[in-house]
Amino acid sequence: MTLTPVRTQRSSEELIRAENTALAHNYHPLPVVVARAEGVWVEDVEGRRYLDMLAGYSALNFGHRHPGLVAAAHRQLDEVTLTSRAFHNDRLAGFAEGLAELTGLEMTLPMNTGAEAVESAVKVARKWAYEVKGVAPDRATIIVADGNFHGRTTTIVSFSTDETARGGFGPFTPGFRIVPYNDLAALENAIDETTAAVLIEPIQGEAGVLIPDDGYLAGVRELTRRAGCLFIADEIQSGLGRTGTTLAVDHESVVPDMLLLGKALGGGIVPVSAVVARRDVLGVLRPGEHGSTFGGNPLAAAVGSAVVDLLATGEFQRRAAELGEVLRDGLTGLVGKGVVGFRSRGLWAGVDVDPAIGSGREISERLMAEGILVKDTHGSTIRIAPPLTITREELGSALASLEKVLG
Ligand SMILES: *Cc1c(COP(=O)(O)O)cnc(C)c1O
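Keep in mind that what you see is a predicted model, and the values were worked out from it rather than measured.

**Things to note about the sheet that holds strand β1 (residues 34-38)**
Link 1 in the chain: Reading across from one edge, β1-β2-β3-β13 is the order of the four strands in this open sheet, with mixed pairing throughout. Only two strands of the sheet have a single neighbouring strand rather than two, namely β1 and β13 (372-373).
Link 2 in the chain: In the sheet, strand β3 (residues 49-52) pairs with β13 via two bridges, with the strands oriented parallel. The partner of Asp52 across the bridge, within β13, is Leu373.
Link 3 in the chain: Those strands touched by helix α14 (residues 392-406) are β2 (41-44), β3 and β13, and its axis lies near 100° from that of β3.

Dropping the structure here:
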């Protein structure tokens, strides 16, 4: 038997070339090839270090390889990793109980990716509409907001308003109505007897961290309650400490009927998502009607439980709120100095850069040269969402780098 020789590590340039040849081009990554990471720092193949100010689109709220989360994963790797839901596993009950305690809701449907949680919520809302609300068969509608981002599956892009996300992927799933975001009157107009649910992001992340007016989320809650339809909050990006509270809806003390979690729920280690809802909502699902081979697997449940335990301390929410003030102050100081405007809540900001200085992509590349990783979104907006474990000093140095590249 001949052994394949151990390949020597290829350079960043070679690896980028190889990726471009061997992978579908559905992303346009910054030209950095990460080889290892710890906390808020990542290191590339050549040993250059970067501050990660994107944090996996908030999947890394607790930083890279958080010791407690890695330990939970290691422990579980030595016990059992996958059973399928054909059998019970000893991690799942605790995970669901923890989520119930954290969110004030009652039941969990465990899935893997965010898009699956959204798909699951769409199915549950429709079934609830027929079985509980009494909507005529196949007539249920779900109302969504303009500029939404809920994932990439065929049904989800059916109600996207982003032509890049939709173009060429039809025919689309019917049964969705799109209303302007942050517009309660338009929402009220769109609700009728066929409405199963209103599905919105409490803060629109991909759209550029768009924060609705105070009272909007409470208004959505009130309208849906009065109309007898469900309020589904997609907190896959906004949730789990990012905005300074456990959930973004907490800023208005609102409890939705269905809550969608993902990204940080897997601690940046494994994909874990969940639909968390009241018993009378998730109760419409019976055996065989929905499922997932990997959903609720013991490894995911162990890591997810460890994430819930971290959030139960309140420490990360507090950090996000306190350092969020530092971020806001820093960005306020840059308005008029290359920044035309920004929106922020907690450790999450969408920063509109003067297009004369550069596109969001160009600014991201200049920041990369300074050792700061961010991601652009839509034209000249860059998105800042560091791990919630970032220190005041690290945040200060990132803001100083931003000032430098804008100057
Ligand atoms: C990322 C995201 C999703 C989709 O999650 P995936 O894990 O990428 O499928 C859905 N909704 C929101 C708000 C997101 O930010």
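**Things to note about empty space enclosed by the protein**
Link 1 in the chain: Enumeration according to the criterion identifies two cavities of 30 Å³ or more in this entry.
Link 2 in the chain: Of the volumes computed, that of the largest cavity is approximately 60 Å³.
Link 3 in the chain: Lining the largest cavity, in full, are Met53, Leu327, Leu367, Ile372, Val374, Ile384, Leu395, Ala398, Leu399 and Leu402.
Link 4 in the chain: A class-by-class count of the residues in the lining of the largest cavity yields ten nonpolar, no polar and no charged.
Link 5 in the chain: Counted as a void, the second largest cavity has a volume near 40 Å³.
Link 6 in the chain: In terms of lining residues, the second largest cavity is bounded by Pro202, Ile203, Pro212, Asp213, Asp214, Leu217, Ala248, Glu252 and Arg345.
Link 7 in the chain: Residue classes in the lining of the second largest cavity are distributed as five nonpolar, no polar and four charged.

**What about helix α5 (residues 114-133)?**
Link 1 in the chain: With 20 residues, α5 should reach 28 Å at 1.5 Å per residue; the first-to-last C-alpha distance of 26 Å fits that figure.
Link 2 in the chain: For α5, the complete set of buried residues consists of Gly114, Ala115, Ala117, Val118, Ser120, Ala121, Val122, Val124, Ala125, Trp128 and Ala129.
Link 3 in the chain: Positioned one or two residues after α5, Gly134 has a phi angle of 85°, which is positive.

**Structural notes on the domain arrangement of the protein**
Link 1 in the chain: Examined at the domain level, the protein breaks down into domain 1 (12-65 + 316-406) and domain 2 (67-312).
Link 2 in the chain: Between the C-alpha centres of domain 1 and domain 2 there is a distance of 26 Å.
Link 3 in the chain: Counting residues at the interface gives 28 residues for domain 1, matched by 31 residues for domain 2.
Link 4 in the chain: Interface of domain 1 and domain 2: buried area, both sides summed, is about 2,500 Å²; carbon and sulfur atoms make up 60% of it.
Link 5 in the chain: Taken as a group, Gln317, Arg345 and Trp348 account for 34% of the area that domain 1 buries against domain 2, more than any other trio of residues on that side.
Link 6 in the chain: For the pair domain 1 and domain 2, the interface holds one salt bridge.
Link 7 in the chain: Close ionic contact of Glu206 with Arg383 constitutes a salt bridge, the shortest N to O distance being 2.8 Å.
Link 8 in the chain: One can count 14 residue pairs in polar contact (both at pLDDT 80 or more) joining domain 1 with domain 2.
Link 9 in the chain: Elements represented by at least two residues in the side of domain 1 that touches domain 2 include exactly α2 (55-58), α12 (315-332), β11 (339-344), β12 (349-353) and β15 (381-384).
Link 10 in the chain: The dominant element in the side of domain 1 that touches domain 2, judged by the number of residues it contributes, is α12, at four residues.
Link 11 in the chain: Of the residues contributing to the side of domain 1 that touches domain 2, the split by class is 15 nonpolar, nine polar and four charged.

Here is what the cut-offs are and how they apply
What you see as residue numbers is a count from 1 along each chain, following the sequence as written. Totals for whole chains, interfaces and linings use every residue, but because this is a predicted model, local features are given only for residues with pLDDT of at least 70 and side-chain atom pairs only at 80 or more, for both listing and counting. To obtain the side-chain values, all non-hydrogen atoms of the structure were used and water was disregarded. Only strands joined by at least two bridges in the DSSP assignment are considered to pair. Strands are runs of DSSP state E lasting at least 2 residues, helices are runs of H or I lasting at least 4, and numbering of each runs from the N terminus. Contacts: residue pairs with any heavy atoms within 4.5 Å of one another. The axes used here are C-alpha line fits, helices contributing only the stretch in contact, and every angle between their N-to-C directions lies in the interval 0 to 180 degrees. Put simply, the grid is 1 Å and covers the protein atoms alone, a cavity is a trapped set of points that fit a 1.4 Å probe, a pocket is an open set with protein on both sides within 12 Å along at least five of seven lines, and lining residues have an atom within 4 Å of a point. Grid points are joined across faces, edges and corners, and a volume is the space filled by probe spheres set on the points. For this classification, the nonpolar set comprises Ala, Val, Leu, Ile, Met, Phe, Trp, Tyr, Cys and Pro, the charged set comprises Asp, Glu, Lys and Arg, and every other residue, Gly included, is treated as polar. Expected span, for any helix, means 1.5 Å times one less than how many residues it has. The buried label goes to any residue with under 20% of its type's maximum accessible area, the exposed label to any with over 50%, and the partly exposed label to all in between, with areas taken from a 1.4 Å probe on protein chains only. Note: domain ranges come from an automatic or database domain assignment. The term buried area denotes the loss of accessible surface (1.4 Å probe radius) that occurs when two parts are joined, taken as the sum for both partners. Throughout this description, the term salt bridge denotes a Lys or Arg side-chain nitrogen within 4 Å of a carboxyl oxygen of Asp or Glu. The definition of a polar contact used here is a pair of N or O atoms within 3.5 Å, where within protein one atom must be able to donate a hydrogen and the other to accept one, and adjacent residues in sequence count solely through side-chain atom pairs.

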